[in-house]
Amino acid sequence: MKRYVVTGGAGFIGSALCHLLLSESDAEVVAVDRMTYAANQVTLDELSSQAGFRHIDADVRDVARMTEIVQSVKPDVVFHLAAETHVDRSIDGPAEFVTTNVVGTYAMLEAARTYWSDLPDEAKQHFRFVHISTDEVFGSLGAEGHFSETTPYDPSSPYSASKAGSDHLARAWQRTYGLPVVVSNCSNNYGPRQFPEKLIPLMVLNALEGKALPVYGTGTNVRDWLHVEDHARALKMMAEHGVPGEVYCVGGGSERTNLQIVHEVCRILDARRPENAPYADLIEFVTDRPGHDFRYAIDASKIDTKLGWTPRQDFEAGLEETIDWYLTHEAWWRPLRDKHYSGERLGVKA
Ligand code: NAD
């Protein structure tokens, strides 16, 4: 039996990871999630129907509560994903990003350290704290080059700065206290169950409602796209074979400009729901995001050579499947769209 704590388990990547961990026989998975706007009750219900899964509604910033949870679950691995994650929201209101991403990571590290310090030697060696971060901590690339594990940190947004702070804490807890921490920095994820403020689901749902498809600036900013299931597999491999103190960059090897992504979404919808075609007529260029990084790209050769991980999902096929998922799961996204976020512009304060 393996026991896991997954913070942020009701969110996009956390829930994909929980599904993967539950596919192992006799795994016990405890999702710690405060159920912010970004969490999803349908996602949680799907997970809760599986044996071995449990949700605890708690705030990762609460160090006493996190300590109590980790002590009672006795995990082999803590995967720390809970975070505020939307760059535009971090521009409008950075406070939650600093408290959840920085203080929340401090609380999880302390909770894990308290538990880990009292373990017998063998269990101590096997325990892992996997801290999930982003390539955005490295700042922006020009037209050439890739981020790697040795790229200096140079974050541009309150979101990426708060994630950078959390990465430094995670590394420091490994160096200072010996806590077996592994850090991942990965590129833009896509796939089912992503909150519709992020580029791909926002474009799909706006298009279906005949709303404008807002493209920031000239749409030439480049992102590398990684399927969420490939990412979850990478995180599990890091927990199983990652070396404490090491960082692994995870990327999908699929660089696209934002405008290419939007056109690709439109092309797929033209075929799937032709009644409002051509959807590309809805594209509208809007004022750029303040501090918008130009390009992110990942050199994922370390995780390939050291852990044998490479992405499996072809981007075009993965995008089609993702759009099909949104088309067939209105019950998942409709309440979010009606109650929490209907597609309005965020993050224009500079
Ligand atoms: P998400 O916004 O979909 O989910 C975040 C989850 O954390 C939500 O379920 C939310 O309720 C929970 N949460 C937020 N604050 C909390 C708190 N104080 N206490 C407990 N739970 C809280 O995010 P995601 O896209 O799944 O990202 C997960 C992690 O991966 C984050 O750490 C993010 O920085 C990182 N990451 C994401 C991407 C991406 O493309 N989505 C890329 C690289 C790294």
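Attention here is on the structure that accompanies the text. If you're wondering where the values come from, they're calculated on a predicted model, not measured in any experiment.

1. Some remarks on the environment of Asn 185
Argument step 1. Tracing the backbone through its elements, the reader meets Asn 185 in strand E6 (residues 181–186).
Argument step 2. For Asn 185, a relative accessible area of 0% puts it in the buried group.
Argument step 3. Here the alpha-carbon distance between Asn 185 and Lys 163, two residues 22 residues apart in the chain, equals 9.9 Å.
Argument step 4. In this view, Asn 185 contacts Ser 133, Thr 134, Asp 135, Val 137, Phe 138, Tyr 153, Asp 167, Val 247, Tyr 248, Cys 249, Val 250 and Ile 298; residues no more than four positions away in its chain are not counted.

2. Brief notes about helix H13 (residues 330–340)
Argument step 1. Residues of H13 that are buried: Trp 332, Trp 333, Leu 336 and Arg 337. Viewed along the axis of H13, the buried residues span an arc of 105 degrees, placing them on a single side of the element. Residues Ala 331, Asp 338 and Lys 339 are exposed on H13 and point more than 90 degrees away from its buried face.
Argument step 2. Against helix H2 (41–48), helix H8 (199–208) and helix H12 (315–328) lie the buried residues of H13.

3. Describing unusual backbone geometry
Argument step 1. Each neighbour pair has its own omega, and for Ala 277 with Pro 278 the value is -5 degrees, a cis peptide bond.
Argument step 2. Residues other than glycine seldom take positive phi values, yet Met 35 does so here, at roughly 55 degrees.
Argument step 3. Residue placement: Met 35 occurs in the loop between strand E2 (27–32) and H2.

4. Considering the site of the ligand
Argument step 1. Close contacts around the ligand come from 29 residues, with Ile 13, Asp 33, Thr 85, Tyr 159 and Lys 163 the closest.
Argument step 2. Here a nitrogen atom of the ligand sits 3.1 Å away from a polar atom, N or O, in the main chain of Arg 34.
Argument step 3. Note that an oxygen atom of the ligand is positioned 2.9 Å from one of the backbone N or O atoms of Leu 81.
Argument step 4. Relative to its unbound accessible surface of 830 Å², the ligand loses 97% to contact with the protein.
Argument step 5. Broken down by secondary-structure element, the contributors of at least two residues to the shell around the ligand are helix H1 (12–22), strand E5 (128–134), helix H7 (158–177) and strand E7 (188–190).
Argument step 6. In terms of residue count, E5 provides more of the shell around the ligand than any other element does, three residues in total.
Argument step 7. Grouping the amino acids of the shell around the ligand by side-chain chemistry returns 14 nonpolar, ten polar and five charged.

5. Some remarks on the pattern of salt bridges
Argument step 1. This structure, assessed with the given rule, holds 26 salt bridges.
Argument step 2. Salt-bridge contacts for Glu 209 lead to Arg 337; the nearest nitrogen and oxygen are separated by 3.0 Å. Taken together, the positions of Glu 209 in the loop between H8 and strand E8 (213–216) and Arg 337 in helix H13 put the pair 128 residues apart, joining distant regions of the chain.
Argument step 3. Residue classification places Glu 209 among the partly exposed residues on the basis of a relative accessible area of 30%.

What counts and how
Residues numbered from 1 in each chain as written. Predicted model: local features only at pLDDT ≥ 70, side-chain atom pairs only at ≥ 80, totals over all residues. Heavy atoms only, no water. Helix = DSSP H or I, 4+ residues; strand = E, 2+ residues; numbered from the N terminus. Buried < 20%, exposed > 50% of the residue type's maximum accessible area, 1.4 Å probe, protein only. Contact = heavy atoms within 4.5 Å. Arc of directions from axis to C-beta. Near = heavy atom within 4 Å. Polar contact = N/O pair within 3.5 Å; in protein donor to acceptor, adjacent residues only side chain to side chain. Areas by Shrake-Rupley, 256 points an atom, 1.4 Å probe, with all protein chains shown as cover. Nonpolar A, V, L, I, M, F, W, Y, C, P; charged D, E, K, R; others polar. Salt bridge = Lys/Arg side-chain N within 4 Å of Asp/Glu carboxyl O.

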